[in-house]
Amino acid sequence: GMDVEGEGRKREAPWKKMSKEELENQYSPSRWVVRLGAEEALRTFFQIGKDATLRARAARRSLLDVPYGEGEAEKLDIYFPREASGGLPFLVFVHGGYWQTGSKDTSAFMVGPLTEEGVAVVIVSYELAPKGALDRMVDQVTQSVLFVQTRYPGNQGIYLCGHSAGAHLAAMTLLANWTKHGVTPNLKGFFLVSGIYDLEPLMHTSENVPVLTSLEGAQRNSPQWHLETAAPTPPKDLACHILVVVGQHDSPEFHRQSREFYQTLLRGGWRASLEELQDVDHFEILWNLTQKDFVLTQIILKTIFQE
Ligand SMILES: N[C@@H](CC(=O)c1ccccc1NC=O)C(=O)O
(Lines give C-alpha, C1' and ligand atoms only; values in the text may rest on other atoms or scores of the structure.)
Protein backbone atom coordinates (compact mmCIF):
# COMPACT_ATOMS: atom_id res chain seq x y z
CA GLY A 1 0.00 0.00 0.00
CA MET A 2 0.96 3.63 0.33
CA ASP A 3 2.07 3.29 3.93
CA VAL A 4 5.79 3.89 3.56
CA GLU A 5 6.40 2.86 7.19
CA GLY A 6 5.12 -0.63 6.58
CA GLU A 7 6.76 -1.16 3.18
CA GLY A 8 9.56 -3.66 3.19
CA ARG A 9 9.44 -4.36 6.89
CA LYS A 10 6.26 -6.23 7.60
CA ARG A 11 5.94 -7.61 4.08
CA GLU A 12 7.51 -11.04 3.54
CA ALA A 13 10.81 -10.67 1.65
CA PRO A 14 10.10 -11.60 -2.01
CA TRP A 15 13.29 -13.66 -2.34
CA LYS A 16 11.95 -16.17 0.19
CA LYS A 17 9.53 -17.40 -2.46
CA MET A 18 12.26 -17.96 -5.05
CA SER A 19 13.70 -21.34 -5.94
CA LYS A 20 17.39 -21.95 -5.37
CA GLU A 21 17.94 -21.70 -9.13
CA GLU A 22 16.12 -18.38 -9.33
CA LEU A 23 18.13 -16.95 -6.42
CA GLU A 24 21.32 -18.18 -8.02
CA ASN A 25 20.32 -16.38 -11.17
CA GLN A 26 19.32 -13.15 -9.43
CA TYR A 27 22.65 -12.99 -7.61
CA SER A 28 24.85 -13.78 -10.63
CA PRO A 29 25.33 -10.30 -12.11
CA SER A 30 27.15 -11.51 -15.22
CA ARG A 31 24.04 -13.43 -16.36
CA TRP A 32 22.14 -10.14 -16.72
CA VAL A 33 24.60 -8.48 -19.04
CA VAL A 34 22.82 -7.71 -22.31
CA ARG A 35 25.66 -6.88 -24.71
CA LEU A 36 28.09 -9.72 -23.94
CA GLY A 37 28.01 -13.29 -22.70
CA ALA A 38 28.59 -13.82 -18.97
CA GLU A 39 32.20 -14.98 -19.28
CA GLU A 40 33.12 -12.30 -21.75
CA ALA A 41 31.56 -9.60 -19.58
CA LEU A 42 33.71 -10.61 -16.60
CA ARG A 43 36.82 -10.87 -18.77
CA THR A 44 36.16 -7.45 -20.28
CA PHE A 45 35.53 -5.95 -16.85
CA PHE A 46 38.85 -7.09 -15.43
CA GLN A 47 40.70 -6.15 -18.61
CA ILE A 48 39.31 -2.60 -18.61
CA GLY A 49 40.16 -2.34 -14.91
CA LYS A 50 43.70 -3.55 -15.51
CA ASP A 51 44.24 -1.16 -18.45
CA ALA A 52 42.83 1.78 -16.50
CA THR A 53 45.16 0.96 -13.60
CA LEU A 54 48.23 0.78 -15.86
CA ARG A 55 47.25 4.10 -17.47
CA ALA A 56 46.72 5.72 -14.08
CA ARG A 57 50.11 4.56 -12.84
CA ALA A 58 51.82 5.85 -15.98
CA ALA A 59 50.04 9.20 -16.13
CA ARG A 60 49.62 10.28 -12.52
CA ARG A 61 51.78 10.85 -9.51
CA SER A 62 50.96 8.01 -7.17
CA LEU A 63 51.87 6.24 -3.96
CA LEU A 64 51.50 2.51 -4.50
CA ASP A 65 51.17 -0.36 -2.02
CA VAL A 66 50.91 1.95 0.95
CA PRO A 67 50.19 -0.14 4.07
CA TYR A 68 47.17 0.99 6.08
CA GLY A 69 47.52 -1.89 8.54
CA GLU A 70 49.75 -4.78 9.48
CA GLY A 71 48.12 -7.43 7.29
CA GLU A 72 49.54 -8.43 3.96
CA ALA A 73 46.42 -7.43 2.07
CA GLU A 74 46.10 -4.11 3.91
CA LYS A 75 47.50 -1.95 1.14
CA LEU A 76 46.15 0.95 -0.86
CA ASP A 77 47.17 3.03 -3.86
CA ILE A 78 46.82 6.81 -3.91
CA TYR A 79 46.60 8.75 -7.19
CA PHE A 80 47.03 12.52 -7.19
CA PRO A 81 45.77 15.26 -9.47
CA ARG A 82 48.45 16.84 -11.64
CA GLU A 83 48.31 20.14 -9.83
CA ALA A 84 48.02 19.03 -6.25
CA SER A 85 48.15 21.91 -3.84
CA GLY A 86 46.73 22.23 -0.35
CA GLY A 87 43.71 20.29 0.80
CA LEU A 88 42.23 17.91 -1.73
CA PRO A 89 38.99 15.98 -1.82
CA PHE A 90 39.62 12.22 -1.66
CA LEU A 91 37.55 9.48 -3.24
CA VAL A 92 38.22 6.10 -1.64
CA PHE A 93 37.16 3.16 -3.80
CA VAL A 94 36.33 -0.36 -2.56
CA HIS A 95 36.21 -2.94 -5.34
CA GLY A 96 33.70 -5.77 -5.67
CA GLY A 97 33.96 -9.43 -6.65
CA TYR A 98 31.75 -11.13 -4.07
CA TRP A 99 34.44 -10.77 -1.37
CA GLN A 100 36.47 -13.44 -3.17
CA THR A 101 38.01 -11.81 -6.22
CA GLY A 102 39.26 -8.44 -7.34
CA SER A 103 42.18 -6.27 -6.32
CA LYS A 104 43.29 -2.67 -6.22
CA ASP A 105 45.52 -3.61 -9.17
CA THR A 106 42.51 -3.99 -11.49
CA SER A 107 40.20 -1.37 -10.02
CA ALA A 108 41.49 2.13 -10.82
CA PHE A 109 38.59 2.77 -13.25
CA MET A 110 37.76 6.31 -12.16
CA VAL A 111 41.28 7.63 -11.59
CA GLY A 112 41.67 9.37 -14.98
CA PRO A 113 38.58 11.59 -15.00
CA LEU A 114 38.60 12.30 -11.25
CA THR A 115 42.27 13.25 -10.87
CA GLU A 116 41.86 15.37 -14.02
CA GLU A 117 39.32 17.46 -12.09
CA GLY A 118 41.36 17.73 -8.90
CA VAL A 119 40.22 14.74 -6.84
CA ALA A 120 42.77 12.40 -5.22
CA VAL A 121 41.70 8.78 -5.63
CA VAL A 122 42.52 5.95 -3.22
CA ILE A 123 42.03 2.33 -4.36
CA VAL A 124 41.83 -0.11 -1.45
CA SER A 125 42.73 -3.79 -1.22
CA TYR A 126 41.39 -5.97 1.56
CA GLU A 127 41.80 -9.59 2.56
CA LEU A 128 39.63 -11.78 0.33
CA ALA A 129 37.87 -14.98 1.35
CA PRO A 130 38.60 -17.71 2.17
CA LYS A 131 41.47 -16.19 4.16
CA GLY A 132 39.54 -13.06 4.99
CA ALA A 133 36.26 -13.03 6.91
CA LEU A 134 33.54 -10.45 6.38
CA ASP A 135 33.96 -8.83 9.80
CA ARG A 136 37.65 -8.41 9.05
CA MET A 137 36.98 -6.89 5.60
CA VAL A 138 34.57 -4.39 7.14
CA ASP A 139 37.23 -3.46 9.67
CA GLN A 140 39.84 -3.11 6.93
CA VAL A 141 37.70 -0.68 4.94
CA THR A 142 37.12 1.29 8.14
CA GLN A 143 40.88 1.31 8.78
CA SER A 144 41.59 2.52 5.25
CA VAL A 145 39.28 5.51 5.75
CA LEU A 146 40.93 6.28 9.10
CA PHE A 147 44.31 6.04 7.40
CA VAL A 148 43.37 8.63 4.76
CA GLN A 149 42.01 11.01 7.42
CA THR A 150 45.11 10.64 9.60
CA ARG A 151 47.57 10.99 6.74
CA TYR A 152 45.68 13.90 5.10
CA PRO A 153 44.01 15.78 7.96
CA GLY A 154 43.60 18.83 5.71
CA ASN A 155 41.51 16.93 3.17
CA GLN A 156 38.48 18.67 1.69
CA GLY A 157 36.25 15.70 2.25
CA ILE A 158 36.46 11.94 1.99
CA TYR A 159 33.97 10.27 -0.35
CA LEU A 160 33.61 6.54 -0.03
CA CYS A 161 32.66 4.65 -3.18
CA GLY A 162 32.09 0.92 -3.49
CA HIS A 163 30.91 -1.41 -6.22
CA SER A 164 28.80 -4.52 -5.65
CA ALA A 165 30.34 -6.40 -2.69
CA GLY A 166 32.52 -3.30 -2.24
CA ALA A 167 29.36 -1.18 -1.89
CA HIS A 168 28.34 -3.56 0.87
CA LEU A 169 31.64 -3.00 2.68
CA ALA A 170 31.41 0.77 2.17
CA ALA A 171 27.83 0.81 3.50
CA MET A 172 28.93 -1.07 6.62
CA THR A 173 31.14 1.89 7.56
CA LEU A 174 27.94 3.91 8.03
CA LEU A 175 27.72 1.93 11.26
CA ALA A 176 31.30 2.57 12.37
CA ASN A 177 31.80 3.94 15.84
CA TRP A 178 34.40 6.61 15.06
CA THR A 179 34.57 7.77 18.66
CA LYS A 180 35.93 4.34 19.52
CA HIS A 181 38.66 4.78 16.91
CA GLY A 182 39.61 8.21 18.23
CA VAL A 183 39.48 9.82 14.78
CA THR A 184 36.37 11.04 13.00
CA PRO A 185 37.02 11.09 9.27
CA ASN A 186 35.77 14.03 7.26
CA LEU A 187 33.29 11.76 5.42
CA LYS A 188 31.14 13.84 3.11
CA GLY A 189 29.54 11.34 0.82
CA PHE A 190 28.94 7.75 -0.17
CA PHE A 191 28.53 6.42 -3.70
CA LEU A 192 27.11 2.93 -3.40
CA VAL A 193 27.13 1.34 -6.85
CA SER A 194 25.09 -1.81 -7.62
CA GLY A 195 25.48 -3.02 -4.06
CA ILE A 196 24.17 -5.73 -1.78
CA TYR A 197 22.90 -4.60 1.61
CA ASP A 198 21.06 -7.64 2.94
CA LEU A 199 23.25 -10.74 2.83
CA GLU A 200 20.64 -13.24 3.95
CA PRO A 201 19.40 -14.22 0.45
CA LEU A 202 23.01 -14.94 -0.53
CA MET A 203 23.14 -17.72 2.04
CA HIS A 204 21.03 -19.74 -0.38
CA THR A 205 23.36 -19.31 -3.36
CA SER A 206 26.77 -20.69 -4.27
CA GLU A 207 28.17 -17.13 -4.05
CA ASN A 208 28.08 -17.40 -0.27
CA VAL A 209 30.88 -19.94 -0.29
CA PRO A 210 32.86 -19.35 1.85
CA VAL A 211 31.90 -15.97 3.32
CA LEU A 212 28.59 -16.70 5.03
CA THR A 213 28.44 -19.51 7.51
CA SER A 214 25.56 -18.51 9.75
CA LEU A 215 22.41 -16.42 9.67
CA GLU A 216 23.81 -14.51 12.61
CA GLY A 217 26.96 -13.67 10.64
CA ALA A 218 24.87 -12.63 7.63
CA GLN A 219 22.80 -10.28 9.79
CA ARG A 220 25.80 -8.91 11.66
CA ASN A 221 27.27 -7.98 8.28
CA SER A 222 24.11 -6.59 6.70
CA PRO A 223 23.74 -2.81 6.80
CA GLN A 224 20.08 -3.28 5.88
CA TRP A 225 19.50 -5.43 8.95
CA HIS A 226 21.32 -2.99 11.27
CA LEU A 227 19.42 0.03 10.01
CA GLU A 228 16.09 -1.77 10.37
CA THR A 229 16.69 -3.21 13.82
CA ALA A 230 19.06 -0.95 15.72
CA ALA A 231 18.42 2.25 13.74
CA PRO A 232 21.80 3.92 14.32
CA THR A 233 21.49 7.68 14.32
CA PRO A 234 22.89 9.54 11.34
CA PRO A 235 25.54 12.22 11.97
CA LYS A 236 23.88 15.28 13.47
CA ASP A 237 25.08 17.77 10.88
CA LEU A 238 23.79 15.56 8.05
CA ALA A 239 26.68 16.74 5.93
CA CYS A 240 27.05 13.26 4.55
CA HIS A 241 25.07 12.43 1.44
CA ILE A 242 24.48 8.82 0.41
CA LEU A 243 23.87 8.04 -3.24
CA VAL A 244 22.51 4.57 -3.88
CA VAL A 245 22.86 3.76 -7.56
CA VAL A 246 21.94 0.70 -9.60
CA GLY A 247 22.14 -0.12 -13.30
CA GLN A 248 19.07 -0.61 -15.45
CA HIS A 249 20.28 -4.09 -16.41
CA ASP A 250 21.12 -5.17 -12.87
CA SER A 251 18.84 -8.03 -11.77
CA PRO A 252 15.47 -7.36 -10.07
CA GLU A 253 16.97 -8.51 -6.75
CA PHE A 254 19.80 -5.97 -7.07
CA HIS A 255 17.19 -3.28 -7.82
CA ARG A 256 15.15 -4.35 -4.79
CA GLN A 257 18.22 -4.33 -2.53
CA SER A 258 19.15 -0.78 -3.60
CA ARG A 259 15.58 0.50 -3.33
CA GLU A 260 14.98 -0.98 0.11
CA PHE A 261 18.32 0.19 1.46
CA TYR A 262 17.60 3.70 0.17
CA GLN A 263 14.11 3.68 1.74
CA THR A 264 15.52 2.45 5.04
CA LEU A 265 18.14 5.21 5.00
CA LEU A 266 15.43 7.82 4.46
CA ARG A 267 13.31 6.43 7.29
CA GLY A 268 16.37 6.58 9.55
CA GLY A 269 16.86 10.28 8.78
CA TRP A 270 19.89 9.97 6.52
CA ARG A 271 20.32 12.22 3.50
CA ALA A 272 20.06 9.76 0.64
CA SER A 273 19.09 9.54 -2.99
CA LEU A 274 18.48 6.69 -5.41
CA GLU A 275 19.48 6.65 -9.07
CA GLU A 276 18.74 4.04 -11.67
CA LEU A 277 21.20 4.53 -14.49
CA GLN A 278 19.73 3.84 -17.92
CA ASP A 279 21.30 1.43 -20.36
CA VAL A 280 24.08 0.04 -18.14
CA ASP A 281 24.64 -3.37 -16.57
CA HIS A 282 26.43 -4.38 -13.35
CA PHE A 283 29.85 -4.00 -14.95
CA GLU A 284 29.38 -1.13 -17.40
CA ILE A 285 28.20 1.02 -14.50
CA LEU A 286 31.76 0.81 -13.20
CA TRP A 287 33.89 0.54 -16.31
CA ASN A 288 32.15 3.61 -17.80
CA LEU A 289 33.71 5.59 -14.94
CA THR A 290 36.84 5.62 -17.12
CA GLN A 291 34.86 8.16 -19.18
CA LYS A 292 34.54 11.79 -18.15
CA ASP A 293 31.14 12.25 -19.80
CA PHE A 294 29.50 9.16 -18.23
CA VAL A 295 26.50 10.23 -16.15
CA LEU A 296 27.86 8.69 -12.92
CA THR A 297 31.26 10.36 -13.36
CA GLN A 298 29.41 13.65 -13.70
CA ILE A 299 27.22 12.97 -10.65
CA ILE A 300 30.31 12.16 -8.55
CA LEU A 301 32.13 15.31 -9.68
CA LYS A 302 29.07 17.48 -9.09
CA THR A 303 28.59 16.03 -5.61
CA ILE A 304 32.22 16.61 -4.67
CA PHE A 305 32.46 20.15 -6.00
CA GLN A 306 29.06 21.61 -5.14
CA GLU A 307 29.71 21.25 -1.42
N1 LIG B 1 30.29 -14.55 -10.24
C2 LIG B 1 29.81 -13.21 -10.35
C3 LIG B 1 30.96 -12.24 -10.37
C4 LIG B 1 30.53 -10.96 -9.74
O5 LIG B 1 29.45 -10.89 -9.25
C6 LIG B 1 31.40 -9.78 -9.71
C7 LIG B 1 32.55 -9.72 -10.48
C8 LIG B 1 33.34 -8.58 -10.45
C9 LIG B 1 33.01 -7.50 -9.70
C10 LIG B 1 31.85 -7.53 -8.94
C11 LIG B 1 31.04 -8.67 -8.94
N12 LIG B 1 29.89 -8.72 -8.18
C13 LIG B 1 29.82 -8.39 -6.86
O14 LIG B 1 30.73 -8.16 -6.11
C15 LIG B 1 28.91 -13.03 -11.56
O16 LIG B 1 28.14 -13.92 -11.91
O17 LIG B 1 28.91 -11.98 -12.17
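Residues numbered from 1 in each chain as written. Predicted model: local features only at pLDDT ≥ 70, side-chain atom pairs only at ≥ 80, totals over all residues. Heavy atoms only, no water.

The subject of this paragraph is the overall build of the protein chain. Within the protein chain one finds 11 helices and 8 strands. Taken against the 2.2 N^0.38 rule, which gives 19 Å for 307 residues, the C-alpha radius of gyration of the protein chain at 18 Å falls within 12% of a compact globule. C-alpha atoms of the protein chain, sized along the principal axes, occupy 55 × 45 × 35 Å. Counting the 307 residues in the protein chain, one finds 55% classified as buried. (Helix = DSSP H or I, 4+ residues; strand = E, 2+ residues; numbered from the N terminus. Rg over C-alpha atoms; globule rule 2.2 N^0.38 Å. Buried < 20%, exposed > 50% of the residue type's maximum accessible area, 1.4 Å probe, protein only.)

We now examine helix α2 (residues 38-59). Working note: α-helix, 3.6 residues per turn, so residues spaced by three or four point in the same direction. With 22 residues, α2 should reach 32 Å at 1.5 Å per residue; the first-to-last C-alpha distance of 32 Å fits that figure. Ala41, Phe45, Gly49, Ala52, Thr53 and Ala56 are the residues of α2 that are buried. Seen along its axis, α2 keeps its buried residues to an arc of 105 degrees; they face one direction. Opposite the packed face of α2, turned more than 90 degrees from it, sit the exposed residues Glu39, Arg43, Leu54, Arg55 and Ala58. For α2, the secondary structure elements touched by its buried residues are β2 (75-79), α3 (111-116), β5 (158-163) and α10 (284-287). (Expected span 1.5 Å × (residues − 1). Arc of directions from axis to C-beta. Contact = heavy atoms within 4.5 Å.)

Here the focus is the UniProt feature "active site" (unreviewed entry) in the protein chain. In the numbering adopted here, UniProt assigns the feature "active site" (unreviewed entry) to Ser164, Asp250 and His282. Despite a sequence span of 119 residues, these residues sit close together in the fold, their greatest C-alpha distance being 10.6 Å. Within the secondary structure layout, Ser164 lies in the loop between β5 and α5 (165-172). Look past the residues within four positions of Ser164 in its chain and what remains in contact with it is Gly96, Val193, Ser194, Gly195, Ile196, Phe254 and His282. As for its position among the elements, Asp250 is in the loop between β7 (241-247) and α9 (252-267). (UniProt positions renumbered as here; feature names shortened; annotations may be inferred.)

In this section: the pattern of salt bridges. Summed over the entire model, instances satisfying the criterion amount to 17 salt bridges. Between Glu117 and Lys292 there is a salt bridge, with its nearest N and O atoms 3.1 Å apart. With a gap of 175 residues between them, Glu117 in the loop between α3 and β4 (120-124) and Lys292 in the loop between α10 and α11 (295-306) connect regions that are remote in the sequence. Across the pair Asp139 and Arg136 runs a salt bridge whose closest N-O atoms are separated by 3.8 Å. Of this pair, Asp139 and Arg136 both sit in helix α4 (residues 134-151), 3 residues apart, which is roughly one turn of the helix. (Salt bridge = Lys/Arg side-chain N within 4 Å of Asp/Glu carboxyl O.)

With that settled, the discussion passes to the packing of aromatic side chains. Inspection of every chain in the model, using the stated rule, returns 9 aromatic pairs. Seen from their ring centres, Phe80 and Tyr152 are 6.3 Å apart, and the 65 degrees between their planes marks the pair as edge-to-face. Of this pair, Phe80 sits in the loop between β2 and β3 (90-94) while Tyr152 sits in the loop between α4 and β5, and the two are 72 residues apart along the sequence. Tyr152 carries the same exposure label as Phe80, and that label is buried. An aromatic cluster is built from Phe45, Phe46, Phe109 and Phe283, whose rings are joined through pairwise contacts. The ring of Phe80 has Arg61 sitting right over it, with the charged end atom 4.4 Å from the ring centre. (Phe/Tyr/Trp six-rings, centres within 6.5 Å; stacked < 30°, edge-to-face > 60°. Lys NZ or Arg CZ within 6 Å of the ring centre and 35° of its normal.)

Attention now goes to the environment of Arg136. On the basis of relative accessible area, Arg136 is assigned to the partly exposed category, the value being 36%. For the pair Arg136 and Val33, spaced 103 residues apart in sequence, the C-alpha separation works out to 31 Å.

Moving on, we get to the UniProt feature "domain: BD-FAE-like" (unreviewed entry) in the protein chain. If you check UniProt for "domain: BD-FAE-like" (unreviewed entry), the listed places come out as residues 76-178 in our numbering. The distance from the first to the last C-alpha atom of residues 76-178 is 21 Å, and the span holds 32% helix and 19% strand.

Attention now goes to the nonpolar core. Core analysis: the biggest nonpolar cluster contains 58 residues, and Trp99, Leu160, Leu192, Ile242, Phe261 and Leu265 have the highest contact counts within it. When residues in this core are grouped by element, the largest group, 8 residues, is from α4. With residues up to four places along the chain from it excluded, the contact list for Ile242 reads Leu174, Phe190, Leu192, Leu265, Trp270, Arg271, Ala272 and Ser273. Phe109, Val111, Phe191 and Phe294 belong to the second largest nonpolar core, which has 34 residues in total. (Core = buried A, V, L, I, M, F, W, Y, C linked by side-chain atoms within 4.5 Å.)

Right, let's talk about the sheet that holds β3 for a bit. Taken together, the 8 strands give an open sheet; going across it, the order is β1-β2-β4-β3-β5-β6-β7-β8, and neighbouring strands pair in mixed fashion. Across the chains shown, the open sheet's two edge strands, defined by having one partner strand only, are β1 (62-67) and β8 (271-277). Strand-to-strand, the axes of this sheet are offset by a mean angle of 20 degrees, without reference to chain direction. Here β2 runs beside β4; their pairing, made up of 4 bridges, is antiparallel. Looking at β4, one finds that Asp77 is bridged to Ile123. Against the sheet, α2 touches β1, β2 and β5, its axis set at about 60 degrees to β2. α4 rests against β1, β2, β3, β4, β5 and β6 (187-193) of the sheet, and its axis sits at about 155 degrees to β5. (Pairing = 2+ DSSP bridges. Axes fitted to C-alpha atoms, helices over the stretch in contact; angles between N-to-C directions.)

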